[in-house]
Amino acid sequence: MIAVIDYGMGNLHSVSKAVERLGYDVKVTDSLAEMLAADGIILPGVGAFGDAMQALQDSGLDDALRKAVQAGKQTLGICLGMQLLFNVSEEHGQHTGLGLLPGRVTRFEGGSYKVPHMGWNPLKWRQPAHPLTEGLEEGHVYFVHSYHVLPGSASDVIATCSYGGKQVTSIVGRDNVYGMQFHPEKSGSLGLQLLARFLKLTGNARN
């Protein structure tokens, strides 16, 4: 079973339906017990970093997520959910994140490109032999975000895309913690293939 975390700010329906289409049982939950019982965890997110962290803290889900990760649960953050995995964000002031990966979240600045970054952009594999990417062709995925991650370690970067002359961190991973800045559930065949690769890492969860 895959636990999709409900903290009031995620695109729960589209993510859980995508997981179901890939053949996995899904539970939308805010329960630590259910998170620990799951084969894998997905943290979706839409909205502002500070509001999302406040919602996680108010519900105790921030500590629950840390405990689940420490217990070895394969965990994936999507869009804002990926940004929440990092130490700090500069979105509307400075806000502390979950601290599961080193790095910070900053706004797109300078240039003539549009903010938010919205639309389809091609991914570039930085770790083509990684279990998430091995054997997959690079292709376009769908982004919607005004802030992007500056990782603390280049070795955590699995894929990037180019936007406004910047290399934007698009997929990250360290140990059992992963993030996708784009929306794999809205990114056609490649997005679903990448999501399926993460789900495969969770073990024998498939129906």
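Residues numbered from 1 in each chain as written. Predicted model: local features only at pLDDT ≥ 70, side-chain atom pairs only at ≥ 80, totals over all residues. Heavy atoms only, no water.

The protein chain carries the name Imidazole glycerol phosphate synthase subunit HisH in an unreviewed UniProt entry, which gives Paenibacillus profundus as its organism. According to UniProt, the comment filed for the protein chain under the heading Subcellular location (unreviewed entry) is "Cytoplasm". (UniProt positions renumbered as here; feature names shortened; annotations may be inferred.)

A.B. asks: Explain the sheet that holds strand β9 (residues 124-125) to me, using residue names and the numbers behind them.
C.D. replies: The strand order across the open sheet formed by eight strands is β2-β1-β3-β4-β14-β13-β12-β9, and the pairing between neighbours is mixed. On the outer flanks of this sheet lie β2 (26-29) and β9, each paired with one strand and no other. Where strand β1 (residues 2-5) and strand β3 (residues 40-43) come together, three bridges link them in parallel fashion. Its bridge partner lying in β3, V4 is registered against I42. (Pairing = 2+ DSSP bridges. Helix = DSSP H or I, 4+ residues; strand = E, 2+ residues; numbered from the N terminus.)

A.B. asks: Give me the UniProt feature "active site" (unreviewed entry) in the protein chain: which residues, what numbers.
C.D. replies: Following the UniProt record, the feature "active site" (unreviewed entry) maps to C79, H183 and E185 here. Look at the named residues: they lie 107 residues apart in sequence, but the longest C-alpha span between them is just 10.9 Å, so in the fold they bunch up. Among the residues just listed, C79 and H183 line the largest pocket. The residue H183 is located in the loop between β14 (177-180) and α6 (188-201) in this model. A residue is classified by how much of its surface remains accessible, and H183, at 4% relative accessible area, is buried. Residues within four places of H183 in sequence aside, it is in contact with N11, V46, I78, C79 and Y142. Relative to the helices and strands, E185 resides in the loop between β14 and α6. Apart from residues lying up to four places away in sequence, E185 is in contact with N11, S14, V15, A18, R21 and I78. A polar atom in the side chain of E185 sits 2.9 Å from the side chain of H183. (1 Å grid on protein atoms, 1.4 Å probe; cavity = no way out; pocket = protein on both sides within 12 Å on 5 of 7 lines; lining within 4 Å. Buried < 20%, exposed > 50% of the residue type's maximum accessible area, 1.4 Å probe, protein only. Contact = heavy atoms within 4.5 Å. Polar contact = N/O pair within 3.5 Å; in protein donor to acceptor, adjacent residues only side chain to side chain.)

A.B. asks: Explain the pattern of salt bridges to me, and be specific about the residues and the numbers.
C.D. replies: Enumeration over the complete set of coordinates arrives at seven salt bridges. Two residues, E34 and K27, come together in a salt bridge whose shortest N-O distance is 3.9 Å. Residue E34 is classed as partly exposed on the basis of its relative accessible area of 28%. On the basis of relative accessible area, K27 is assigned to the partly exposed category, the value being 36%. One salt bridge connects E138 with K124, and the closest N-O pair in it is separated by 3.9 Å. With E138 in the loop between β9 and β10 (140-145) and K124 in strand β9, this residue pair connects regions lying 14 residues apart in the sequence. Here E138 falls in the partly exposed class, since its relative accessible area comes to 40%. Residue classification places K124 among the partly exposed residues on the basis of a relative accessible area of 40%. Among the charged side chains, a network of salt bridges with common partners joins D62, D63 and R66. (Salt bridge = Lys/Arg side-chain N within 4 Å of Asp/Glu carboxyl O.)

A.B. asks: Describe the sheet that holds strand β11 (residues 147-151), with residues and values.
C.D. replies: Remark on secondary structure: sheet strands pair via backbone hydrogen bonds, oriented parallel or antiparallel. Read from one edge to the other, the open sheet built from four strands follows the order β6-β5-β7-β11, with strand pairing classed as mixed. Strands at the two margins of the open sheet, each flanked by one partner only, are β6 (95-96) and β11. Where strand β5 (residues 88-89) meets strand β7 (residues 103-107), two bridges bridge the pair, whose relative direction is parallel. In the sheet register, V88 faces β7, and the bridge partner there is R104.

A.B. asks: Quick one: what's the story with the packing of helix α1 (residues 12-21) against α6, residue by residue and with numbers?
C.D. replies: Where α1 meets α6, the closest approach of the two axes is 10 Å, and the angle between their N-to-C directions is 75 degrees. Taken as axis vectors, α1 and α6 run roughly perpendicular relative to one another. Only L192, L195 and L199 of α6 make contact with α1, whose side of the interface consists of A18, V19 and R21. Taken together, the residues of the contact of α1 with α6 sort by class into five nonpolar, no polar and one charged. (Axes fitted to C-alpha atoms, helices over the stretch in contact; angles between N-to-C directions. Parallel < 35°, antiparallel > 145°, perpendicular 65-115°, else oblique. Nonpolar A, V, L, I, M, F, W, Y, C, P; charged D, E, K, R; others polar.)

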